[in-house]
Amino acid sequence: MFEDISKVIILSDMDGTLLNSKKQITDTDRKAIDRFRSLGGHFTVATGRTIQAFQQYVAMLELDMPVIMYNGAAIHDYVSGKTLYTHPLPDKAKEMAIELLGRMPQAGGEVLKTDGTYVFSNTEYQQLHTRICNIVPIYRELPDIEDGGWLKVLFSLAPEDVGLMELTVRQLGCDKYADFVKSSDIFLEMLPLGVSKGSALEQYRTLDGMEGFTFVSIGDFDNDLEMIKTADLGACPANAEEVVKSSADLVLEHTNDDGAVAELIEYIIDKCVK
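Let me sum up the structure you'll find in this document. Because the structure is a prediction, the values reported are computed rather than measured.

1. What to know about the overall build of the chain
Each helix and strand counted, the chain has 9 helices and 14 strands in total. Whereas a compact globule of 274 residues would reach a radius of gyration of roughly 19 Å, the chain reaches 18 Å, a difference of no more than 12%. Dimensions of the chain, computed from C-alpha atoms along their principal axes, come out at roughly 60 × 35 × 30 Å. Expressed as a percentage of its 274 residues, the buried residues of the chain come to 56%. A separation threshold of at least 6 residues defines the contact pool for the chain, and within that pool the share at least 24 residues apart is 60%. Accessible surface for the chain amounts to roughly 11,600 Å². Of this, 47% is attributable to carbon and sulfur atoms. Taken as two groups, the 25 positive and 44 negative side-chain charges of the chain have centres that lie 1 Å from each other.

See below:
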């Protein structure tokens, strides 16, 4: 699997994996990524963030490989400035979002499209998500957000309300038309059916020049599960959810705060030089 380090691509989740608890990339991880690249390896990211929200990390990480965005609903190449793949929600997504917000008006929420983030309920939890992503959103009432091109809908709620919304989703039958995935204790995302970081990884394999590459993924939360299962080697940091640990090929000893990505890189380098 690791005969040639130049044919290895690491796909890393951001929050809880590459970013520490302060939403920073540790020097340990940064130096390891630089070393991995200097040896010929390739590094990129699989994130729930939008094209605009992730822009701040492109130069910081010196990314030259396409990035999986919107939790798998798109793949964007910042080098060419082109979006290489999208899989939008069905038109029924607006109807479902309106119904869910009507049942749970305490929820914050946003619609994510390639041209920006449309906030339709600017609660305290939603404002937290906006700060985390460091974006300037477009504020618009939910019915006024133009149909088409919805890549995902993110609901932000108190932890105790996330389970209630998941129950409401099932009661309304929304899960017949879209997937609903927790991306943290306070975020529940509506994604196109069958779309995940894992399905995007399969699309990634079909991109020009990606033939024969070994894909290594690392993530910590529910929305990383399919990517971990689909990769040639799926890893997770020590702080990962138990369900993620049970699905990973490699459970690392370090957390996102003390160099989990660096530990994974050292593991790969060790395998490649033997």
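2. With respect to the sheet that holds strand β3 (residues 67–69)
Read from one edge to the other, the open sheet built from 3 strands follows the order β3-β4-β5, with strand pairing classed as antiparallel. The strands lining the two open edges of the sheet, one partner per strand, are β3 and β5 (82–86). Here the average twist between neighbouring strands, direction ignored, is 30 degrees. Across 3 bridges, the pairing between β3 and strand β4 (residues 74–77) is antiparallel. Paired with I68 across the two strands is I75, which belongs to β4. Along the sheet, helix α6 (residues 197–205) makes contact with β3, β4 and β5, crossing β3 at roughly 145 degrees.

3. Topic: empty space enclosed by the protein
All chains considered together, the criterion is met by 1 cavity of 30 Å³ or more. As a volume, the largest cavity reaches approximately 40 Å³. Forming the boundary of the largest cavity are L89, P90, D91, A93, K94, D147, G148 and W150.

4. A closer look at the sheet that holds strand β6 (residues 108–113)
Reading across the sheet, the 6 strands line up as β8-β7-β6-β9-β11-β10 and stay open at both edges, with mixed pairing between neighbours. The outermost strands of the open sheet, each flanked by one partner alone, are β8 (138–139) and β10 (178–184). Where strand β9 (residues 152–156) meets strand β11 (residues 187–192), 4 bridges bridge the pair, whose relative direction is antiparallel. The partner of L154 across the bridge, within β11, is E189. Here helix α3 (residues 92–103) sits on the sheet in contact with β7 (116–121), β9, β10 and β11, set at roughly 155 degrees to β11.

5. Considering the side chain of D161
Mapped onto the elements, D161 comes out in helix α5 (residues 159–172). Not counting residues up to four positions away in its chain, the partners in contact with D161 are M104 and Q106.

6. Here's the deal with the pairing of strand β2 (residues 42–45)
Examined bridge by bridge, strand β1 (residues 8–12) and β2 share 4 bridges and lie parallel to one another. Looking at β2, one finds that I9 is bridged to H42. The parallel pair β1 and β2 is bridged by helix α1 (residues 27–38), and the resulting crossover is right-handed.

7. Overview of α5
Look at α5: 21 Å from first C-alpha to last across 14 residues, which is about the 20 Å you get at 1.5 Å a residue. Among the residues making up α5, those that are buried are D161, V162, M165, T168 and V169. Buried residues of α5, seen end-on, are gathered within an arc of 120 degrees and therefore sit on one face of the element. Set apart from the buried face of α5 by more than 90 degrees, the exposed residues are E160, R170 and Q171. On its buried side, α5 packs onto α3, β9, β10 and β11. One or two residues past the end of α5 sits G173, with phi positive at roughly 75 degrees.

8. Concerning unusual backbone geometry
In terms of backbone geometry, most residues other than glycine have negative phi values and most peptide bonds are trans. Positioned with a positive phi, K23 is a non-glycine residue whose angle comes to about 65 degrees. Structurally, K23 can be placed in the loop between β1 and α1. Not every positive phi belongs to a glycine, and E62 is a case in point at roughly 50 degrees. The topology assignment puts E62 in the loop between α2 (51–61) and β3. For E62, a relative accessible area of 56% translates into the label exposed.

9. Here's the deal with the packing of aromatic side chains
Considering all chains together, one arrives at 4 aromatic pairs under this definition. Seen from their ring centres, F120 and F155 are 6.2 Å apart, and the 75 degrees between their planes marks the pair as edge-to-face. Taken together, the residues span a long stretch of sequence, with F120 in strand β7 and F155 in strand β9 at a distance of 35 residues. Relative to F215, the ring of Y204 has its centre 5.6 Å away and its plane inclined at 70 degrees; by these criteria the two rings are edge-to-face.

What counts, and at which threshold
Residues numbered from 1 in each chain as written. Predicted model: local features only at pLDDT ≥ 70, side-chain atom pairs only at ≥ 80, totals over all residues. Heavy atoms only, no water. Helix = DSSP H or I, 4+ residues; strand = E, 2+ residues; numbered from the N terminus. Rg over C-alpha atoms; globule rule 2.2 N^0.38 Å. Buried < 20%, exposed > 50% of the residue type's maximum accessible area, 1.4 Å probe, protein only. Contact = heavy atoms within 4.5 Å. Areas by Shrake-Rupley, 256 points an atom, 1.4 Å probe, with all protein chains shown as cover. Lys, Arg positive; Asp, Glu negative; His and termini not counted. Charge placed at Lys NZ, Arg CZ, Asp CG, Glu CD. Pairing = 2+ DSSP bridges. Axes fitted to C-alpha atoms, helices over the stretch in contact; angles between N-to-C directions. 1 Å grid on protein atoms, 1.4 Å probe; cavity = no way out; pocket = protein on both sides within 12 Å on 5 of 7 lines; lining within 4 Å. Points joined across faces, edges and corners; volume = space filled by probe spheres on them. Right-handed = clockwise from strand over helix to strand, strands pointing away. Expected span 1.5 Å × (residues − 1). Arc of directions from axis to C-beta. Phe/Tyr/Trp six-rings, centres within 6.5 Å; stacked < 30°, edge-to-face > 60°.

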